[in-house]
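The residues making up each chain are set out below.
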Amino acid sequence: MRFLKLPRSLRQLSTHVLAIALGVLLTVSTLQVLPSQAEPAPIVTTGDTSQLIAQRQSPATGVIGSSSFVTAAVNRVGSAVVRIDTERTITRRVDPFMEDPFFRRFFGDGFSQQVPSEQLRGLGSGFIIDKSGLVMTNAHVVDKADKVTVRLKDGRTFEGKVQGIDEVTDLAVVKINAGSDLPVAPLGSSNNVQVGDWAIAVGNPLGFDNTVTLGIVSTLKRSSAQVGISDKRLDFIQTDAAINPGNSGGPLLNGQGEVIGINTAIRPDAMGIGFAIPIDKAKAIAGQLQRDGKVAHPYLGVQMLTLTPDIAKQNNTDPNSPIQIPEINGVFVMRVVPNSPAASAGIRRGDVILQVDGKAITSAEQLQNVVEDSRLGQVLQVKVQRGNQTQQLSVRTAELQNASS
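Keep in mind that this is a model prediction, so the values were computed, not measured.

Visitor: Sorry if this is basic, but what is going on with the overall build of the chain here?
Guide: Along its length, the chain carries twelve helices and 22 strands. The buried share of the chain, reckoned over its 405 residues, is 37%. Considering only intrachain contacts with a sequence separation of at least 6, the fraction spanning at least 24 residues in the chain is 63%. In the structure as shown, the chain presents an accessible area of about 23600 Å², 52% of it carried by carbon and sulfur atoms.

Structure representation (structure tokens):
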């Protein structure tokens, strides 16, 4: 009651003091119960051993925290990535009607000599591999081009001269004369690439210059036969980084900004899947292209199919099958190219290749790699099964003249 008798101003002051005191009391008690977020992790002692229990970091935190690695990688190689514009003049076939003597007498000789032509333009990417002005790109970017223009990221443009083309590996080297101060893309090693590694594609897809896409390495050693281009001899790096027309010839980078592959837009129907030529393969080819302008590839001259007992059984149980196939593992010869090394050695359609130089052959890709790694003119001992018999044939490799054969 004495409190009520105090003046009103004193009663208000007393109320404020009481509220502050209660707030301080509650805060102190809370701090005693809840540990601070900034305090070090607890130390657990077991016997004589003290172990620090580290606070676990969320997996997402690592990805978010390292997102700038893409920027660093692109900055490291970006200035060495170029745009390649090509021009090609094609002449349309003259209508045979225009060569008819009656037509020429009626309209005159001059009319029939007016052969129509068309200008085709192409777009691709590439990257500088040497300060002297060597640019690596895809063969299909510059093949049959009458004019090649290379444009750097800083806007400078130079006329490019094709030093060499290899259709079998879809690789080409272009030379530009731009002094010796050119930026060079750092080359990594595709042999060190693993599935799940970061993959960064840089190039000019669909004409959009200096475009970067990010993904991972989806798989390794995807054969050209599996991709659907049997006229190539490649094992691709497969990635889900977007690769579109115009990206062809540009670099595929790892997380450190090193080139691990050369992008190639070879499958227009490949939604969400891209392919790149391993950089180690490109390194081996680039020197030969610069020196000789081409690469000599050995070949046998057979069209082949991987054979398994199940595939053979399906064929043999078909009443309409024209041939019975041995139910074994090997490579089935579907066709022998006329005048080829295989034809000269006596390999026939329907043979099953079992071994080469004593090494078992179980797939078409394996046989292709064995031949590719051989020397021109090397004699290979090929064991085949023909019907119920096996034969040993000697095949001397020759240079592949046409990638399609």
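Structure's up, so let's keep going.
Visitor: Explanation requested: unusual backbone geometry in the structure shown.
Guide: For residues other than glycine, phi is negative in most cases, and the peptide bonds are mostly trans. Phi angles above zero are rare outside glycine, and Lys-144 is one such case at about 65 degrees. Here Lys-144 lies in the loop between α7 (139–142) and β6 (147–151). Even without a glycine there, the phi angle at Leu-206 is positive, about 55 degrees. Here Leu-206 falls in the exposed class, since its relative accessible area comes to 56%.

Visitor: Even after reading the chapter, I still don't get the layout of surface pockets, so can you show me in this structure?
Guide: It is a probe the size of a water molecule, rolled over the atoms, that shows where empty space is left. In this structure, the second largest pocket encloses a volume near 520 Å³. In this structure, the second largest pocket is lined by 17 residues; those nearest its centre are Asn-191, Lys-221, Asp-235, Pro-278 and Lys-281. Of the residues assigned to the lining of the second largest pocket, the class counts are six nonpolar, four polar and seven charged.

Visitor: So what exactly am I meant to see when it comes to the pairing of strand β13 (residues 259–264) here?
Guide: The side chains of a regular strand alternate, residue by residue, between the two faces of the sheet. For β13, the buried fraction is high: six of the six residues fall into the buried class. Relative to β13, strand β12 (residues 251–253) is paired through three bridges, and the arrangement is antiparallel. Across the sheet, residue Leu-253 finds its bridge partner in β13, namely Val-259. Turn length for the β12-β13 hairpin, with the two strands adjacent in sequence and antiparallel, is five residues, and the turn residue Gly-257 shows positive phi of about 85 degrees. Pairing analysis gives four bridges linking β13 to strand β14 (residues 274–278), with the strands arranged antiparallel. Bridge pairing in β14 links Gly-261 to Pro-278.

Visitor: So what exactly am I meant to see when it comes to the pairing of strand β4 (residues 117–130) here?
Guide: Direction of pairing for strand β3 (residues 81–91) relative to β4: antiparallel, over a ladder of eleven bridges. Within β4, the residue paired with Val-82 across the bridge is Gly-126. Judged from the three bridges that link them, β4 and strand β5 (residues 134–138) form a sheet pairing that is antiparallel. The partner of Ile-128 across the bridge, within β5, is Val-135.

Visitor: Would you mind going over helix α4 (residues 69–77) with me for this structure?
Guide: Since the α-helix packs 3.6 residues into each turn, any two residues three or four apart lie on the same face. For α4, the full list of buried residues reads Phe-69, Val-70, Ala-73, Val-74 and Val-77. Along α4, the residues classed as buried sweep out an arc of 130 degrees about the axis, all on the same side. Among the structural elements, β3, β9 (198–203), β10 (211–223), β12 and β13 are those in contact with the buried residues of α4.

Visitor: Help me understand the nonpolar core, please; the structure alone is not making it clear to me.
Guide: The tendency in soluble globular proteins is for nonpolar side chains to be buried side by side. The biggest cluster of nonpolar side chains holds 46 residues, and the ones touching the most others in it are Ile-84, Met-136, Val-150, Leu-171, Ile-176, Ile-200 and Ile-262. In this structure, Val-331, Ala-342, Ile-361 and Leu-367 belong to the second largest nonpolar core, which totals 18 residues.

Calculation rules
- Residues numbered from 1 in each chain as written.
- Predicted model: local features only at pLDDT ≥ 70, side-chain atom pairs only at ≥ 80, totals over all residues.
- Heavy atoms only, no water.
- Helix = DSSP H or I, 4+ residues; strand = E, 2+ residues; numbered from the N terminus.
- Buried < 20%, exposed > 50% of the residue type's maximum accessible area, 1.4 Å probe, protein only.
- Contact = heavy atoms within 4.5 Å.
- Areas by Shrake-Rupley, 256 points an atom, 1.4 Å probe, with all protein chains shown as cover.
- 1 Å grid on protein atoms, 1.4 Å probe; cavity = no way out; pocket = protein on both sides within 12 Å on 5 of 7 lines; lining within 4 Å.
- Points joined across faces, edges and corners; volume = space filled by probe spheres on them.
- Nonpolar A, V, L, I, M, F, W, Y, C, P; charged D, E, K, R; others polar.
- Pairing = 2+ DSSP bridges.
- Arc of directions from axis to C-beta.
- Core = buried A, V, L, I, M, F, W, Y, C linked by side-chain atoms within 4.5 Å.

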